[in-house]
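Listed here are the chains, written in short residue letters.
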Amino acid sequence: MAVSAFARSTSVAQGGSLDFSVSDAATVTVLQVPTGTQVFNGSAPSGAWSLQVQPTWASSLYKAVFDPGGAEAYFVVRAANPGASARIVVSLPFATWQAYNLAGQPGQSLYWNEQPDRAVRVSFDRPTAVNLEWEQGLLNWLPGSGFAVEYCSGLDLHDGLDLLSRYQLLVCIGHDEYWSKEMRDAAEAFAERGGNIAFFSGNTCWWQVRFEDGMRTMVCFRDGTQDPLAGVDDSRVTVEWSSAPVNRPENGLTGLSTRRGAGSWLACELQNPPYTCRFARHWVFEGTGLQDGASFATGAVGYETDAAELEEVDGVPRITGRDGTPPSFVILGTADLSPWRKCGAGGMATMGVFRMGGGTIFNAGTTGWGKKLDDATVARVTRNVLGRLSQRYPADQWEIIGHANFVTAMAACENRLWAAESQQNSLWVREPVGQNLIWHRVGPANKVIAMASPREAMDNRSIGLYAVADGALSFRDPIPNADWTRVADANGIVALAASYQGLFAATAANRLVYMPFSDLGGPAPSWKPVGQANDVVAMTNLNGRLFAVDKNNRLWMRPPVLAEVNWTDIGPAALGAATLVTALAGYAGKLFASTNENVLWWRDAVARPGQP
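Residues numbered from 1 in each chain as written. Predicted model: local features only at pLDDT ≥ 70, side-chain atom pairs only at ≥ 80, totals over all residues. Heavy atoms only, no water.

*Asks:* For this particular structure, what's the right way to read helix H4 (residues 181-192)?
*Replies:* Because an α-helix packs 3.6 residues into every turn, residues spaced three or four apart end up facing the same way. Taking 1.5 Å of rise per residue, 12 residues should cover 16 Å, and H4 covers 16 Å from first to last C-alpha, within 8% of that figure. Buried within H4 are the following residues: Lys181, Glu182, Met183, Arg184, Ala186, Ala187, Glu188, Phe190 and Ala191. Of the residues flanking the end of H4, it is Gly194, one or two places downstream, whose phi is positive at about 115°. (Helix = DSSP H or I, 4+ residues; strand = E, 2+ residues; numbered from the N terminus. Expected span 1.5 Å × (residues − 1). Buried < 20%, exposed > 50% of the residue type's maximum accessible area, 1.4 Å probe, protein only.)

*Asks:* Please explain the packing of aromatic side chains as it appears in this structure.
*Replies:* Both the distance between ring centres and the angle between the ring planes are used here to describe each pair of aromatic rings. With the rule as written, the count across this model stands at 19 aromatic pairs. Linked through ring pairs, Phe20, Phe40, Trp49, Trp57, Tyr62, Phe66 and Phe75 together constitute an aromatic cluster. Over the ring of Trp484 we find Arg476; its NZ or CZ atom is 5.8 Å from the centre of that ring. Taking NZ or CZ as reference, Arg558 lies 5.8 Å from the ring centre of Trp567, over its face. (Phe/Tyr/Trp six-rings, centres within 6.5 Å; stacked < 30°, edge-to-face > 60°. Lys NZ or Arg CZ within 6 Å of the ring centre and 35° of its normal.)

*Asks:* It is not clear to me how the pattern of salt bridges should be interpreted in this structure. Could you clarify?
*Replies:* One side chain can pair with another of opposite charge once the charged atoms of both are near each other. Counting across every chain of the model gives 24 salt bridges. Between Arg121 and Glu212 there is a salt bridge, with its nearest N and O atoms 3.0 Å apart. Remark: Glu212 occurs in strand S15 (residues 207-212) and Arg121 occurs in strand S10 (residues 121-123); sequence separation between them is 91 residues. Overall, Arg121 belongs to the partly exposed group, its relative accessible area being 36%. Arg554 is paired through a salt bridge with Asp569; the nearest N and O atoms lie 3.1 Å apart. Separated by 15 residues along the polypeptide, Arg554 in strand S41 (residues 554-558) and Asp569 in strand S42 (residues 568-572) bring together distant segments of the chain. Residues participating in the shared-partner salt-bridge network are Lys181, Arg184, Asp185, Glu188 and Arg248. (Salt bridge = Lys/Arg side-chain N within 4 Å of Asp/Glu carboxyl O.)

Given below as structure tokens:
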């Protein structure tokens, strides 16, 4: 007679014991799933049986096989000292596996939504047939990847901020569809505090669930009219996260949603299209050799995908934000899956990255990502994400955000970046966002070599652009085709910043000088010495500080005081020994730098040392 068995917890720490329920006396073999390594062989009596997990067992997914019959029970071995040996923790979707579990049918599965006898409560105290189709690829790839990785059950994220805080990167894989409020709250708090998250998954965080009976029963009514918490605690009603009465779209956490995505659930010839690369110079694609418009990851898109609502602007995609996707989301890849209507649900697939508080979140947007890790591009993107996000990021790291347009001077004014360039002597404008947007011409640049803008009007001077050209300081309104008006002399000035009710400037003689805005309306405006310029070649104001790049390509900071004070060295101004900054601007806590390689970069002005 075949034995049936199940584990009484989805995870156990190294050196701990895990209880099982076993229907009959059985032979038990325990295997590490990714490697197939046998770590235990013995016997279990009928009824309750306890497995002693050895401290030497690697943190991983395991399965216990019970004979006769070959029944399998899956569990995770967590690190005894989480994060001591790894900065990455991989969460495995036990809630999703249980939701699809058909053991004890009818009425014991959360599926299908249309069936009147589907369950609204399912128990973990039953045999579970786990389908690793969407997780197996990454599980197999990670042990040989060179990354130190530890594992947890998705249920460990329920009130799991303490566990997550031991790591720098949370990785969710495969088909991670069912999340409790506590799981989501913990993940979002982790990111807000500077933790990073990588979703190599699709249909992620689609349904909200609750847990009862000491985490052994999962509740999902899927229908707000039937859930007894409706009108009592709407934040916990078990419907789709984006639906009423919860109204908390999942893309607030993941950046993407199945609402805009697609699914291919029937066999048809339209399966497995590629992504199209939309931002080849982004760090996620480093080393892939991709160009914008190139196809990649063929076979990794599907069977369920997530996406953001986007619009094409000058051939560049950008999110609209109307669907709840955060405004910082940067689109890296897209796939039009509208033909899938004949075999499922047509829509999009989107890959991208965004910021949440101090953390960075990457989303591949598909359940099938792990199936194509034998593809060099898919593997390289995965390595780039794990390598970058397993460190505190972005901190002092610069990111490419587009083309610099041969910029010689730059400033932020009225929520836009303004740049003067030398080749066409034109003034250009674009939004100060991480997407690789196109610059738009708004008039002549007047041979500008330095530019600045105050954050607000001061001393009867309106907000606008101040620029140095041909030894003169000029002003213009921040509107298309406005005229430049000379307002003062600027002989020998090479860099400019607006702060402290006036303008700071660096001179070719290596002096820092200052002119109050109130002097600009007077008969003889003049510059007043306030200190050393520190060999500055570009300068800006941000957060009540002066930031500057020197001739050796170092980034410096000092307060905008009218006295001699020291500059503080805060790191390299851009990446690469041959990369030189040509202009600097500051906006919303970010520094923007153009370089001689015609690349536009940004970074946080504030570096956050250490782990979250």
